[in-house]
Amino acid sequence: MAASTALAAALMLLPAVTLAQTPETAPTPTPAPSQSPAPAQNPMPPAGPTTVERNAKGVSGKAIRVGVYLNVQPDCSSGPLPSIRLVSPPGNGSVTIKRGKINATNYKQCLALEVPGYVAFYQSKADFTGTDTLTLEVKFPQGRTELQRITVNVGIAPGGQKI
């Protein structure tokens, strides 16, 4: 139960994937012979990537989940998964992406779902403690690109009883 609650909380951190709709436009009237035609409208260039700042924390030398990536459609089925690229590697560890099934309850309008997804993990060097950063580029199937700058706070595993 706690695992599904933690996963649901992690999923809520993810941005929603939405489809952009273009408004319908009325047909352009044909100019009269004495008028010059209106200049052609240039389509808007695609927006550049948005940057998202995220934080994670965990224990030195252990895998720390830093992201969950999926694509849930309005009918609660899975859509095409985003592509993920490591733009800036961490200085004191490594990043691994694993594919798996994501189970969640009460995600958006979906009461229960199981969809494929990617999970990103950071693992520091065994003796590292402190702050490390990495940047992932996430390209969603609908054309949106997001740069995720993730700061990971790495600490020491809790020891025995302190005196």
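In case you missed it, the structure is sitting above this.
Residues numbered from 1 in each chain as written. Predicted model: local features only at pLDDT ≥ 70, side-chain atom pairs only at ≥ 80, totals over all residues. Heavy atoms only, no water.

Participant: I would appreciate a short explanation of the overall build of the chain in the present structure.
Facilitator: Along the chain, the regular secondary structure elements total one helix and seven strands. Helices and strands appear in the chain in the N-to-C order α-β-β-β-β-β-β-β. Sequence-distant contacts in the chain: of pairs separated by 6 or more residues, those separated by 24 or more amount to 67%. Just so you have it, the chain exposes about 11100 Å², and 57% of that area is on carbon and sulfur atoms. (Helix = DSSP H or I, 4+ residues; strand = E, 2+ residues; numbered from the N terminus. Contact = heavy atoms within 4.5 Å. Areas by Shrake-Rupley, 256 points an atom, 1.4 Å probe, with all protein chains shown as cover.)

Participant: What is the right way to look at the nonpolar core in this model?
Facilitator: In this structure, I64, V66, Y122, I150 and V152 are the most contacted members of the largest nonpolar core, which totals 14 residues. Taken together, the elements giving at least two residues each to this core come down to β2 (63–69), β5 (110–124), β6 (130–139) and β7 (145–155). When sequence neighbours within four positions are dropped, the list of residues in contact with I150 reads R54, V66, Y69, D132, T133, L134 and L136. Formed by ten residues, the second largest nonpolar core is a distinct cluster that contains V68, V72, Y107 and V119. (Core = buried A, V, L, I, M, F, W, Y, C linked by side-chain atoms within 4.5 Å. Buried < 20%, exposed > 50% of the residue type's maximum accessible area, 1.4 Å probe, protein only.)

Participant: Explain the sheet that holds β7 here, please?
Facilitator: What links the strands of a sheet is backbone hydrogen bonding, and the strands pair in either a parallel or an antiparallel sense. Spatial ordering of the open sheet is given by β1-β7-β6-β3, a layout of four strands whose pairing is mixed. The open sheet has two free edges, formed respectively by β1 (50–59) and β3 (83–88), since each of these has just one partner strand. Ignoring strand direction, the axes of neighbouring strands in this sheet form an average angle of 30°. Relative to β7, β6 runs antiparallel, the two being bridged by ten bridges. Bridging from a neighbouring strand, L134 pairs with I150 of β7. (Pairing = 2+ DSSP bridges. Axes fitted to C-alpha atoms, helices over the stretch in contact; angles between N-to-C directions.)

Participant: Looking at this model, I keep getting lost on unusual backbone geometry. Mind explaining?
Facilitator: We note that C76 has phi near 70°; this positive angle belongs to a residue other than glycine. Counting through the fold element by element, C76 comes out in the loop between β2 and β3. With a phi angle near 55°, K108 is a residue other than glycine that sits in the positive phi range. Relative to the assigned elements, K108 resides in the loop between β4 (93–107) and β5.

Participant: Please clarify how the side chain of E137 should be interpreted in this entry.
Facilitator: Note on placement: E137 falls in strand β6. Exposure remark for E137: the relative accessible area of 12% places this residue in the buried category. With sequence-adjacent residues up to four places away left out, E137 is seen in contact with S83, I84, R85, V87, T145, E146 and L147.

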